[in-house]
Amino acid sequence: MRMLCASTLIGEFFVIGFAGLVAMKDPDLSAATVWTVCGILMFLSVLLCGMVTRPGGIALGWALQIALIASGFAVPTMFFLGAVFAALWWASVHYGRKIDEAKARFAAQTAQSGSSTPDAA
């Protein structure tokens, strides 16, 4: 799960940065505001790469997805991109857990079959 979620978060890192460049064209937004918000979100996306498997990591990831969708009020394209990344986040969590469960089953089967084989000494 960690690899899939981290890949999604790194993709979000770049999308947030590009959204910041687009937001700079809005005369109502100051550069300091845009880059403070984008910087916090970009830092959070990188930080979450290491926190995915810790308690609360998935919930913080969902909070980031909501923030990305809400950023559509500043950059309308982010409504769409935020929804796409929310779907990718869901898929990463859902299928990542299934992959982890399959790996654990395979490791248990391998350990079980390896211990039941008599030594050929």
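Our subject in this report is the structure included herewith. (Residues numbered from 1 in each chain as written. Predicted model: local features only at pLDDT ≥ 70, side-chain atom pairs only at ≥ 80, totals over all residues. Heavy atoms only, no water.)

**Comments concerning the overall build of the protein**
Convention followed: Going along the chain from the N terminus, every DSSP run of H or I of four or more residues is numbered as a helix, and every run of E of two or more is numbered as a strand. All radius of gyration figures rest on C-alpha atoms, and the globule criterion is 2.2 Å times the number of residues raised to 0.38. Working definition: with a 1.4 Å probe on protein chains only, accessible area under 20% of the residue-type maximum means buried, over 50% means exposed, and in between means partly exposed. Any pair of residues with heavy atoms lying within 4.5 Å of one another is described as a contacting pair. A 1.4 Å probe and the Shrake-Rupley method give the accessible areas. Residues count as covered only by the protein chains that appear here. This count recognises Lys and Arg as positive and Asp and Glu as negative, with His and chain-terminal groups excluded. All charge positions are set by atom: Lys at NZ, Arg at CZ, Asp at CG, Glu at CD.
A count of helices and strands for the protein gives four helices and zero strands. Walking the protein from its N terminus toward its C terminus, one meets helices and strands in the order α-α-α-α. The C-alpha radius of gyration computed for the protein amounts to 20 Å, which surpasses the reference 14 Å derived for 121 residues by more than 25%, pointing to a less compact arrangement than a globule. Taking the principal axes of the C-alpha coordinates as reference, the protein spans close to 80 × 20 × 20 Å. In the protein, which comprises 121 residues, the share counted as buried stands at 30%. When contacts within the protein are restricted to residue pairs at least 6 apart in sequence, long-range pairs at least 24 apart make up 65% of them. Roughly 7600 Å² of accessible area belongs to the protein as shown, and the carbon and sulfur atoms make up 72% of that amount. Taken together, the 7 basic and 6 acidic charged side chains of the protein have centroids lying 5 Å from each other.

**Looking at the nonpolar core**
Most often, soluble globular proteins have nonpolar side chains that are buried together. Applicable threshold: Here the nonpolar core consists of buried residues drawn from Ala, Val, Leu, Ile, Met, Phe, Trp, Tyr and Cys, with membership extended through side-chain atoms lying within 4.5 Å.
With 23 residues, the main nonpolar core has Leu-9, Val-52 and Trp-89 as its most contacted residues. Counting residues per element, the ones that place at least two in this core are α1 (2-23), α2 (31-51), α3 (57-70) and α4 (77-116). Here the element with the most residues in this core is α1; it accounts for seven residues. Excluding residues that lie within four positions of it along the chain, Leu-9 makes contacts with Ser-45, Leu-48, Cys-49, Val-52, Leu-64 and Trp-89.

**Here's the deal with the layout of surface pockets**
Note the cut-off: A pocket here means an open set of points on a 1 Å grid, computed over the protein atoms alone, that has protein on both sides within 12 Å along at least five of seven lines. A cavity is instead a set of points where a 1.4 Å probe fits but cannot get out; residues with an atom within 4 Å of a point line either one. Grid points are joined across faces, edges and corners, and a volume is the space filled by probe spheres set on the points.
Put simply, the largest pocket is a space of about 230 Å³. Lining the largest pocket are 17 residues, with Ala-23, Val-37, Cys-38, Ser-71 and Ala-74 sitting closest to its centre. Elements represented by at least two residues in the lining of the largest pocket include exactly α1, α2 and α3. Considering each element in turn, the lining of the largest pocket owes the most residues, five residues, to α2.

**As for α1**
The periodicity of an α-helix, 3.6 residues per turn, causes residues three or four places apart in sequence to face the same way. Put simply, the test is: For a helix, the expected span equals 1.5 Å multiplied by the residue count minus one.
With 22 residues, α1 should cover 32 Å at 1.5 Å per step; its first-to-last C-alpha distance of 31 Å lies within 8% of that length. Among all positions of α1, only Cys-5, Ala-6, Thr-8, Leu-9, Glu-12, Val-15, Ile-16, Gly-17, Ala-19, Gly-20 and Ala-23 are buried.

**So, the packing of aromatic side chains**
To keep things clear, this is the line we draw: A pair of aromatic rings is counted whenever rings of Phe, Tyr or Trp (Trp by its six-membered ring) have centres within 6.5 Å, and the orientation is called stacked for planes under 30 degrees apart, edge-to-face for over 60 and tilted otherwise.
Tallying each qualifying case throughout the model produces three aromatic pairs. Each ring, one from Phe-73 and one from Phe-79, has its centre 5.1 Å from the other, and the planes form 85°; the classification is edge-to-face. Residue Phe-73 is classed as exposed on the basis of its relative accessible area, which comes to 71%. Here the aromatic rings of Trp-90 and Tyr-95 are separated by 6.1 Å at their centres, their planes lie at 80°, and the arrangement is edge-to-face.

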